[in-house]
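Coordinate analysis (summary)
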Amino acid sequence: IVGGTVATVESHPWVAAIFWRSKSKTKVFRCGGSLISSCWVITAAHCFPEGSQTRLRRLSVTLGKNALNESDPTAEQTFRVEQIFIHEGFNNSLQNYNNDISLLKLKEKDGKCTEETNWVKPVCLPPPLQSLQPGFTCEIAGYGKEKFGLWYLSQYLREARVNFIADDVCRQEEYYGNKVNNNMFCAARPDWSQDACQSDSGGPLVCKFHNRFFLFGIISWGDGCAKEMKPGVYTRVTNYNQWIEEKTSLPFTTAR
Ligand code: 4AZ
């Protein structure tokens, strides 16, 4: 996160940290994610370049994490991954980030996955095709870089505010032209001071309605970070309600 502030996980209790156990047994941070129900975390597809060959036993997911390199047993809940679904339409050999969405099923421990606490709580999914007004302010959070090209990640969870940008604006040549399709949307600070950055990907863009947070975007890509006319690009979650229901067999979009 560029230009944001340190956040507590209590204010983003759905934030997931996805780790990969390297050959030398160290846990390497891979991506952010969001808890959408007790056993399911949603993230970006490009977090798994190995695709269907991803070795699940190397993955772990921690919820309730404030500091990336310290553990807090009171707040944190860590799980292995039982199943991974990478969107069938994701094909990054084209480097186009279309359908940049995936789901991780957490492996139960003693018959359950996450337990709701002050630090761990799922986010709501917005109704299908629910749109946002240009200029509407939402929040992003992650453990990613505070500046593009730095060699280290943030030590703490950080948050920033970005505004939804109209599709026709983001498709102008000076922005991203036809690189942005309907499965994506753009968001940025009007003064370009805050943005997601490297290793924030997979993490949440949430917007507040009627005092609840809804997951509208998954941090996906961008040209650099906090660069003028180069907004962050997010997976448009409202295009995927049916896909999510299909994979998780959970009804997310019935009346609430
Ligand atoms: C990345 O590499 C990345 N400024 C994520 C978001 C943005 C740029 C890069 C948006 O994970």
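Our subject is the structure that appears above.
Reference entry: report on the structure contained in this document. Only a predicted model underlies this, so the values are computations on that prediction, with no experimental measurement involved. (Residues numbered from 1 in each chain as written. Predicted model: local features only at pLDDT ≥ 70, side-chain atom pairs only at ≥ 80, totals over all residues. Heavy atoms only, no water.)

**Some remarks on the site of the ligand**
Worth spelling out the cut-off: Whether a residue is near a molecule or strand is decided by its heavy atoms; if any one of them lies within 4 Å of it, the residue is near. Any pair of nitrogen or oxygen atoms within 3.5 Å is treated as a polar contact; in protein, a donor-acceptor pairing is required on top of that, and neighbouring residues in sequence qualify only through side-chain atoms on both sides. In short, Shrake-Rupley with a 1.4 Å probe defines the accessible areas, and a residue's cover is counted only from the protein chains shown. Under this grouping Gly is polar, as are all residues other than the nonpolar Ala, Val, Leu, Ile, Met, Phe, Trp, Tyr, Cys and Pro and the charged Asp, Glu, Lys and Arg.
Around the ligand, the surrounding shell consists of Asp 195, Ala 196, Cys 197, Gln 198, Ser 199, Ser 201, Ile 219, Trp 221, Gly 222, Gly 224, Cys 225 and Gly 232. Ser 201 is positioned such that a nitrogen or oxygen atom in its side chain is 2.5 Å from an oxygen atom of the ligand. One of the backbone nitrogen or oxygen atoms of Gly 224 is found 2.9 Å away from a nitrogen atom of the ligand. In the complex, the protein chains occlude 87% of the 300 Å² of accessible area that the ligand would expose alone. Of the residues in the shell around the ligand, the class split is 5 nonpolar, 6 polar and 1 charged.

**Here's the deal with the side chain of Lys 230**
The line we're drawing: Strands here are runs of E lasting at least two residues and helices are runs of H or I lasting at least four, both read from the DSSP assignment and numbered beginning at the N terminus. Contacts between residues were defined by any pair of non-hydrogen atoms, one from each residue, lying within 4.5 Å.
One can find Lys 230 in the loop between β12 (212–221) and β13 (232–236). Those residues in contact with Lys 230 that sit more than four places away from it in its chain are Glu 174, Tyr 175, Tyr 176, Trp 192, Asp 195 and Asp 223.

**Brief notes about unusual backbone geometry**
A positive phi angle is found at Trp 192, which is not glycine, with a value near 60°. Tracing the chain through its elements places Trp 192 in the loop between β10 (184–188) and β11 (204–209). Phi angles above zero are rare outside glycine, and Ser 199 is one such case at about 80°. One can find Ser 199 in the loop between β10 and β11.

Nothing here speaks to function; it is all geometry.
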